[in-house]
Amino acid sequence: NLFIMRTNRSKCPLVNILDILGDKWSLIIIRDLFLGKKTFTEFMNSPEKFASNILSNRLELLIHHGLLKVVKLPHDQKTKLYYLTDKGIDIYPIIYEMMNWSSRNLDSEFGPLGIQFIKDSKKVSSKTYIKRTQTKYTETRNELLNV
């Protein structure tokens, strides 16, 4: 797979992460996981309109690099549930800072989720907001996996 093969082209830490997260689709998948999406169909229903081959490719890339894992439902072996690993959860501060930068520097109208994020993130320190979000996701993931 081209997207998996192209990683580690450089000794630069920035280039290495960009090889994995340098396209909007990978970041949208991670964002959507934090928003509670778990299945291929739920990702396909994102307002950004994934092409199914792009979504499959990015899910594979994120799994390959240890940011995601997948399990099948015990009562429905056709349905795969995707979830973030601890390594994937550790990316949240980057997403948080990117969204905050966007709200500070871009003259854009944001949707309801973006507006809510901006409002909620201003109520507490960035460290507190990030930790809360990561903890909430970890708890939800552990319930999903019955840990």
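Right above here is the structure, for reference.
Every value quoted in this text rests on a predicted model; they were computed, and no experiment measured them.

Draft legend 1. Broad picture of the nonpolar core. Of all hydrophobic cores here, the largest spans 29 residues; its most connected members are L21, I29, I30, L33, F43, L62 and L84. Looking at this core, the elements with two or more residues in it are α2 (13-21), α3 (24-34), α5 (52-64), β2 (76-84), α7 (92-105), α8 (112-121) and α9 (126-144). Here the element with the most residues in this core is α3; it accounts for seven residues. The residues touching L21, leaving out its near neighbours within four places in the chain, are S26, L27, I30, L62, L67 and I91.

Draft legend 2. Broad picture of unusual backbone geometry. The phi dihedral of K49 falls on the positive side, at around 60 degrees, and the residue is not glycine. Looking at where K49 falls in the secondary structure, it is placed in the loop between α4 (40-44) and α5.

Draft legend 3. Broad picture of the packing of aromatic side chains. A complete count under the given rule lists seven aromatic pairs for this structure. Ring geometry for Y96 against Y129: centres 5.5 Å apart, planes inclined by 40 degrees, an arrangement best described as tilted. Pair noted here: Y96 is in helix α7 and Y129 is in helix α9, with a separation of 33 residues, a long-range link. Between F117 and Y129 the ring centres are 5.5 Å apart and the planes differ by 80 degrees, which places this aromatic pair in the edge-to-face class. One end of the pair, F117, is in helix α8; the other, Y129, is in helix α9, and 12 residues separate them in sequence. The buried category is assigned to Y129, whose relative accessible area is 14%. Linked through ring pairs, F34, Y92 and Y137 together constitute an aromatic cluster.

Criteria and cut-off values
Residues numbered from 1 in each chain as written. Predicted model: local features only at pLDDT ≥ 70, side-chain atom pairs only at ≥ 80, totals over all residues. Heavy atoms only, no water. Core = buried A, V, L, I, M, F, W, Y, C linked by side-chain atoms within 4.5 Å. Buried < 20%, exposed > 50% of the residue type's maximum accessible area, 1.4 Å probe, protein only. Helix = DSSP H or I, 4+ residues; strand = E, 2+ residues; numbered from the N terminus. Contact = heavy atoms within 4.5 Å. Phe/Tyr/Trp six-rings, centres within 6.5 Å; stacked < 30°, edge-to-face > 60°.

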